[in-house]
Amino acid sequence: MNLHEYQTKFRFADFGIPIMRGKIASTSQEAYEIARELRGPVVVKAQVLAGGRGKAGGVKLAQTPEEAEEVASKIIGMTIKGLIVRKVLVDPAVNIASEIYLGIVNDRTIGRPVMMASSEGGVEIEQVARENPDAIIREQIDPFLGLLDYQARNIASGINLPHEHWKVFTKIATTLFKVYMASDAVLAEINPLVITGDNQLIALDGKMIIDDNALFRHTDLADMRDTDAEPVEETQARAAGISYVKLNGQIGCMVNGAGLAMTTMDMTKLYGGDDIGPANFLDIGGGAQAAKVAAALRIILADSNVKSVLFNIFGGITRCDEVARGILQALDEVKTTVPMVIRLAGTNAEEGRAIIDAAHIPNLASAATLTEAAKKAVDAAKGAQ
Amino acid sequence: MAILADKNTRLLVQGITGREGSFHTKQMIDYGTNVVGGVTPGKGGEWVHGKPVFDTVKKAVDATGANASIIYAPAAVAPDAIYEAVDAGMNLIVCITEGIPILDMIKVYDYVKRSNSRLIGPNCPGLLTPGQAKVGIMPGYIAQPGNVGVVSKSGTLTYEVVYALTQAGMGQTTCLGIGGDPVIGTNFVDALRMFEDDPETEKVVLIGEIGGRAEIDAAEFIQSHMTKPVAAFIAGKSAPPGTRMGHAGAIIEGGEGTATEKIAALTAAGVKVADNPEQIPSLLK
C-alpha cells in the first residue's frame, strides 16, 4: 500500500526527521488560509499516488496567499496519470543548496534491508542505477541491530557529504530505518533530502510503501489507504478476499492459485497475439465456493473490455465436481451472455466437466486442456469484436 | 532416495488443532506420512486424528523424537512457531502459512541461517516424496514415484506440471514448493543442489515466475554446477511492470525480474524453457 507524500512526511516528523511544516488542503480557500498562516512563499504540491507530479504541473511555487489560492484552484481537480488530485500539500518554500537521495528497500537476494544513498537527489533511484550505478552507496542492515551509526557515516562519506552535516545525517538515516521497521515498510524514501541555503538538512519529499501483509497490526496506516488510486474493481475484490489486478485485454480470467493465474494470462496472450490478451489477473483461492465465484464473476464482467471469460481450475484438495456446481450456482446469480470457457483439471475433473456439459448453458463451453481452453477463449473474444 | 523427506521422516504438525492444520494432518496421515504428533499452545493433552497434541515443540520432540515440523499457524504467530522449531533442533521446517510480513521473515531468515535447520517456505505447498511422505498440502494422487525432481515457486501450477508428468509416465523423486514470497528459507539454487546430489533424481523441472532474481541465480548455478538436464517454465510473461501478481514476490521492480530476462538466462544455461506448462513432459524426453 502506497502512502501519500504528506502521510509519509508527517510520519517521518513524528519520529524526528526534519520536514517543512506544511499543511494539507482540500480546497483553494484552505490553501489560502495555510499560506497566510505560514507567511512567506509556499509550494503547493498535488497529493496523488503517481510519479512525475512536477512535470505534470502539479507542483507550483506561490509568493502570496492569493497566488497560493489561485495555484491550488488549478491543481485541485486536475488529472495526473489518470488520477484526480483531491488534496494539495502547502509547504513553506525552501532555498535548496544541494539534494541527496536516501532510501531503504528489502534486498530479496540477501534477505536484508539495504539503505541506498546518492548525491544525485531529486532523481529517481532507478534512473541513477541505470545511468550512473557507481553513484549509489549501499549498506546492508542487520535486522536485529538496525542501521549502525558507523554505517550512516560510511554513507555520508560515500556521497561526499560535508563533515559539518554528518551528525544530523546520521540521526536522520538511523531514524529513517526506525520508521521503516515500525511501519512495516517495503520502501521508505527521502528524495530529495536537501541541504538548505542556511545549512539545514530537510526531508523535502518522502515516499513509503507499506507491506499489505502487515496491515493487520497497523490499523492507523491501513486507514490511510487511498482507494481513489486503484480501479474500483480492485477495491471490491479486496473486500471479497479475492486477489485481482485489472489489465487492458479482453479475456477475463478466473483461476485458483497465483502462479496458475499468471500462466493462464500468458496463455491468452500466447494464442491471442498482439490484439487479444488478459483483461485481469484473478486468483480465487482454494475452494471456489459459489458465493466467491459469483463475486469474482461480477468483478470480471464489470470491465466493459471483457469479451470472453476463461475459468481455469486445478482441483487438488478441492474436487472439480464441487467447483463445477459452484460455478453453475454463480452463473445462476450473475446472468451474462458473454461467452465463457471452463477448463477443469485434477481431482474429479471428468465428473466436473460432465456437470458443466449437462447444464447446457449456450454461452458456456468446456475444454480439457489449458491450451484448448485458451484457444477457445481467444476465438470467442475475436468473434465478439 | 529423495530429497528432504522420506519414510524415515518423523513429522510434527504445529497448529494441528486449527481447521487447516487438522484437515491436512488427516490428508498427510492417509498418504502414509509418519506424523508423530502436533503442537498447539494451550491444547496439550488433546488428540487429533489419533496423534498426541503438546503445548510446546520441545515437549513434543522429547516425547516423539520428531525430526521435521510443518507449520499451519496463522501469519501473526507463524514466525514464533518457526523460531520455536529452530530452537528445538528440527532438521526440516516447512511453513505453509501465507501472508507473513516480510520484515518478520527477514529476521526469521537471518535466525534460521545461523542454525542447522532447513526452512521451506513460507507461503508454499510444502513437499511430496511420492510413495513415502507428504509434508504439506499437495494432493497426493497427482504424483507417482520416479526420477524427476520438481522445484517451484507456485502451488496449483506445480500440481498442473506434476500431474502432466505423471500422466506422461514420468514419476518424481520429490516435488518441492519453495513459495512465492520475497524472502524464503530455501531458494532454487539450494533445491537444485539437493537434486544434483540425489542419486535417484535424473532430471529436474524448475517452475519460476516474475520478480526477484532467483531464476537468474538458478541459471548461473545450472551452467556451472549441474550435470542433470533441466526443463523450466516461467509464469508472468504478460504481467505489467510494477504490479504485484498475487504472490508477494511476483512483481517486476525497476524493470528487473521480468519473465523475458529469466527465460533468456535459463536458455543460455542450456535449460529447455516451455512456452506452455503442458509442454514440460515432452521437453524432458
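From a predicted model like this one, the values you see are computed outputs, not experimental measurements.

### Some words on the overall build of chain A
Summing up its helical and strand segments, chain A has 13 helices and 18 strands in all. Across its three principal axes, chain A shows a C-alpha extent of roughly 80 × 50 × 40 Å. Pairs at least 24 residues apart make up 70% of the contacts formed inside chain A by residues separated by at least 6 positions.

### Digging into the domain arrangement of chain A
The figure often quoted for interface size is the accessible area lost as the parts come together. In terms of domains, chain A is made up of domain 1 (21-92), domain 2 (96-222) and domain 3 (231-384). Here the C-alpha centre of domain 3 of chain A lies 43 Å away from the C-alpha centre of domain 2 of chain A.

### Regarding the nonpolar core
Judged by nonpolar contacts, the single largest core of 198 residues is most densely connected at A:Leu176, A:Leu282 and B:Ile71. Aside from chain neighbours lying at most four places away, what touches A:Leu282 is A:Ile242, A:Tyr244, A:Cys253, A:Met254, A:Val255, A:Ala261, A:Ala296 and A:Ile300. Counting 21 residues, the second-largest nonpolar core is a separate cluster that includes A:Ala46, A:Ala68, A:Ala72 and A:Ile76.

### A closer look at the sheet that holds strand 9 (residues 133-136) of chain B
Residue and element names in this part refer to chain B. In spatial order, the strands read 9-8-11-10-12-13-14; together these seven strands make up an open sheet with mixed pairing. The outermost strands of the open sheet, each flanked by one partner alone, are strand 9 and strand 14 (272-273). One ladder, built from five bridges, connects strand 10 (residues 145-152) with strand 11 (residues 172-177); its direction is parallel. Across the sheet, residue valine 148 finds its bridge partner in strand 11, namely glutamine 172. Helix 6 (residues 188-197) rests against strand 10, strand 11 and strand 12 (203-209) of the sheet, and its axis sits at about 165 degrees to strand 10. Sitting on the sheet, helix 8 (residues 259-268) touches strand 12, strand 13 (230-235) and strand 14, and the angle it makes with strand 13 is about 175 degrees.

### Considerations on helix 3 (residues 65-75) of chain A
One full turn of an α-helix is made of 3.6 residues, so residues set three or four places apart face in the same direction. Residue and element names in this part refer to chain A. Among all positions of helix 3, only Ala68, Glu69, Val71, Ala72 and Ile75 are buried. Looking at the buried side of helix 3, the elements it contacts are strand 1 (23-25), helix 2 (28-38), strand 2 (42-46), strand 3 (59-62) and strand 6 (88-92). Looking one or two places after helix 3, you find glycine 77, whose phi comes out positive at around 100 degrees.

### Considerations on the environment of A:Tyr180
In this structure, A:Tyr180 sits in helix 6 (residues 166-182). As a C-alpha pair, A:Tyr180 and A:Val105 span 75 residues in sequence and 9.0 Å in three-dimensional space.

### Regarding the sheet that holds strand 5 (residues 68-71) of chain B
Residues and elements named next belong to chain B. With respect to topology, seven strands assemble into an open sheet ordered 3-4-2-1-5-6-7, the strand pairing being mixed. Pairing within the sheet leaves two strands with one partner each, and these edge strands are strand 3 (47-48) and strand 7 (118-120). Sheet analysis places strand 1 (residues 11-14) next to strand 2 (residues 35-39), joined by four bridges and oriented parallel. Bridge pairing links valine 13 to glycine 38 in strand 2.

### Side note on the pairing of strand 5 of chain B
Residues and elements named next belong to chain B. Residue alternation in strand 5 divides its side chains into two sets, Ala68 and Ile70 and Ser69 and Ile71, and both sets are buried. Bridging between strand 1 and strand 5 involves four bridges; their strand directions are parallel. Bridged to glutamine 14 within strand 5 is isoleucine 71.

### With respect to the pairing of strand 15 (residues 280-283) of chain A
All names here are of chain A. Side chains Asn280 and Leu282 of strand 15 all project onto a buried face; the interleaved residues Phe281 and Asp283 project onto the opposite face, where all are buried too. Examined bridge by bridge, strand 13 (residues 243-246) and strand 15 share four bridges and lie antiparallel to one another. Bridge pairing in strand 15 places lysine 246 opposite asparagine 280.

### Side note on the domain arrangement of chain B
Residues and elements named next belong to chain B. Each assigned domain of chain B is listed here: domain 1 (11-120) and domain 2 (138-284). Each of domain 1 and domain 2 has a C-alpha centre, and the two are 26 Å apart. Of the residues lining the interface, nine residues belong to domain 1; the matching set on domain 2 comes to eight residues. Among the elements that make up the side of domain 1 that touches domain 2, the one with the highest residue count is helix 4 (residues 102-113) (five residues).

### Digging into the interface of chain A and chain B
On the side of chain B, 48 residues touch chain A, which itself brings 46 residues to the contact. Put simply, the parts of the chain that give the side of chain A that touches chain B at least two residues each are strand 8 (112-118), helix 4 (125-131), strand 13, helix 9 (258-272), strand 15, strand 17 (340-346) and helix 13 (370-384) of chain A.

Criteria and thresholds
- Along each chain, the written sequence defines residue order, and numbers are assigned to residues from 1.
- Throughout, the order in which chains and ligands are written sets their labels, letters from A for the former and numbers from 1 for the latter.
- Per-residue local features are limited, in this predicted model, to residues with pLDDT of at least 70; the limit for side-chain atom pairs, both in listing and counting, is 80 or more; totals at the level of whole chains, interfaces and linings are taken over all residues.
- In this description a helix means any DSSP run of H or I spanning at least four residues, a strand means any run of E spanning at least two, and both kinds are numbered starting from the N terminus.
- C-beta atoms are first placed from the backbone for all residues, and any pair lying within 7 Å is then listed as a contact.
- Boundaries of every domain are those given by an automatic assignment or by a domain database.
- We define the nonpolar core as any set of buried residues of the types Ala, Val, Leu, Ile, Met, Phe, Trp, Tyr and Cys, connected via C-beta atoms lying within 7 Å of each other.
- Residues are called buried when their C-beta atom has 20 or more other C-beta atoms within 10 Å, exposed when it has 12 or fewer, and partly exposed otherwise; all C-beta atoms are positioned from the backbone.
- Here a strand pair is declared whenever DSSP counts at least two bridges between the two strands.
- The axes are straight lines fitted to the C-alpha atoms, using for helices just the contacting stretch, and the angles between their N-to-C directions are given from 0 to 180°.

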